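Architecture at a glance
As a plain string of letters, each chain reads:
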Amino acid sequence: MILVTGGAGYIGSHVVKELVNQEYEVAVIDDLSTGHRSALPKDLPFYKISLLETDALRQVFKEVHPKAVLHFAAKSIVSESVRDPLNTYYPNLTGTMNLLKKMLEHEVNNLVFSSTAAVYGEPQDVPITEGHPLEPTNPYGESKLFIEKILADIAAVSGLKYVSLRYFNAAGADTEGQVGEDHNPETHLIPRVLASAAGKDELTIYGNDYPTADGTPIRDYIHVCDLVSAHLLALDKLLTSEDYRAIYNLGNQRGYSVLEVINKAEEITGKRVPYSFGPRRPGDPAVLVAGSELIKQELNWKPRYSDLETMIETAWRWHQNHPGGYAD
């Protein structure tokens, strides 16, 4: 049995879908604060709890007896973490420590951890490799970095094996159209661009005075299905290794500015994307581009959907078929 925390969220639900496709037994924990129960198979063992609920979490481990945990549950909005740091630090750190305590009590030694490129802060070198200095510029990044340190310390004195995956910008939707991205409020750029193209809202671009070619920030986008494949490779490595600890970047080693994404979305949808400029968001670096060679070398990860067109096209198709998100 594989236990997935935050499994009803955007990335978690895509991973759960593929785990089920590969005939893993799966159970999901999610408090549904941002996730959607309807993103998951109806017959899947599901626990609507928070990782802060220690008694309920203990009961889950007694019932599920997992052999590995994929840990996605977190407060992940950068701007919210800057505005209200405690509301990010407390659930991210305390929730993860509660989870780790239960894992150790039940001798569950395999963990795939959902980390972030936000641990690097403002890049000193591009592309950013795993050896880049770790200097987060926001509490969200700080919380994920501290969890990575906790994992290393626990692994040094226990049987814990883990892979920490530092995502850059997840994008796109399930290529079969069954699962997609539905946040309220939506903070990710591509679904916000597509909502503007669909006539729902005018897009606000946060800052046009960055030191980039067109003044808008540059990000490395990675298709959610390529994130999924990396998680399953990491899981397989943990389950087949006696001792394994690793940290990997997940990106495509190419960056696109906000205006480049808008132009591509207009080309794909055939619709105009109305936008205006607003002030920068605190804690947003100018450029984030991944160096992802390490996971390609060590786990033979091969991204299949690395072009921006596929990311936007699959997201657009899902939003067109689900204009109300999972409410449909």
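What you see is a predicted model; the values in this text were computed from it and never measured.

As for the sheet that holds strand β6 (residues 161–167)
Judged by pairing direction, the sheet is parallel, and its seven strands sit side by side in the order β3-β2-β1-β4-β5-β6-β11 without closing on themselves. For this open sheet the edge positions go to β3 (46–47) and β11 (245–250), each flanked by a neighbour on one side alone. Summarising the sheet, β6 and β11 pair through six bridges and their orientation is parallel. Bridge pairing in β11 places L165 opposite Y248. In this fold helix α4 (residues 86–105) packs onto β1 (2–5), β4 (68–71) and β5 (110–116), with an angle of close to 175° to the strand it touches most, β4. Along the sheet, helix α7 (residues 224–239) contacts β1, β4, β5, β6 and β11; its crossing angle with β6, the most-contacted strand, is approximately 165°.

Considerations on the packing of aromatic side chains
One pass over the structure, following the stated rule, counts two aromatic pairs. Relative to F277, the ring of Y275 lies with its centre 5.7 Å away and its plane at 75°, an arrangement referred to as edge-to-face. On the basis of relative accessibility, which here comes to 35%, the residue Y275 falls in the partly exposed class. When the ring of W318 is compared with that of Y326, the centres are 5.1 Å apart and the planes differ by 55°; the resulting orientation is tilted. Residue W318 is classed as buried on the basis of its relative accessible area of 2%. If you follow R280 out to its NZ or CZ, it ends over the ring of Y210, 4.0 Å from the centre.

Topic: the side chain of T116
Inspection of the secondary structure assignment puts T116 in strand β5. Not counting residues up to four positions away in its chain, the partners in contact with T116 are Y140, K144, L165, R166 and Y167.

What about the nonpolar core?
V4, I11, L19, L70 and L250 are the most contacted members of the largest nonpolar core, which totals 38 residues. Broken down by secondary-structure element, the contributors of at least two residues to this core are β1, α1 (10–21), β2 (26–29), β4, β6, α7, β11 and α9 (293–299). The next biggest cluster of nonpolar side chains, apart from the first, holds 25 residues, and it includes L111, I147, I150 and Y162.

The rules behind each value
Counting restarts for each chain: residues are numbered from 1 in the order of the written sequence. Reporting in this predicted model follows two pLDDT cut-offs: at least 70 for local features of residues, and 80 or more for side-chain atom pairs to be given and counted; totals over whole chains, interfaces and linings ignore these cut-offs and use all residues. The basis for the side-chain values is all heavy atoms of the structure; hydrogens and waters are excluded. Note: two strands are recorded as paired if DSSP finds a minimum of 2 bridges between them. Only DSSP runs of H or I reaching four residues or more are called helices, and only runs of E reaching two or more are called strands; each is numbered from the N terminus. A contact between two residues is defined here by any heavy atoms of the two lying within 4.5 Å. A fitted line through C-alpha atoms serves as each axis, taken over the contacting stretch for helices, and the angle formed by two N-to-C directions is quoted from 0 to 180°. Here the aromatic set is Phe, Tyr and Trp, taking the six-membered ring for Trp, and pairing holds for ring centres within 6.5 Å; pairs whose planes are under 30 degrees apart are stacked, those over 60 apart are edge-to-face, and all others are tilted. Only protein chains enter the area calculation, which uses a 1.4 Å probe; residues under 20% of their type maximum are buried, those over 50% are exposed, and those in between are partly exposed. Note on criteria: charge over ring means Lys NZ or Arg CZ within 6 Å of the ring centre, with the direction from the centre no more than 35 degrees off the ring normal. Here the nonpolar core consists of buried residues drawn from Ala, Val, Leu, Ile, Met, Phe, Trp, Tyr and Cys, with membership extended through side-chain atoms lying within 4.5 Å.

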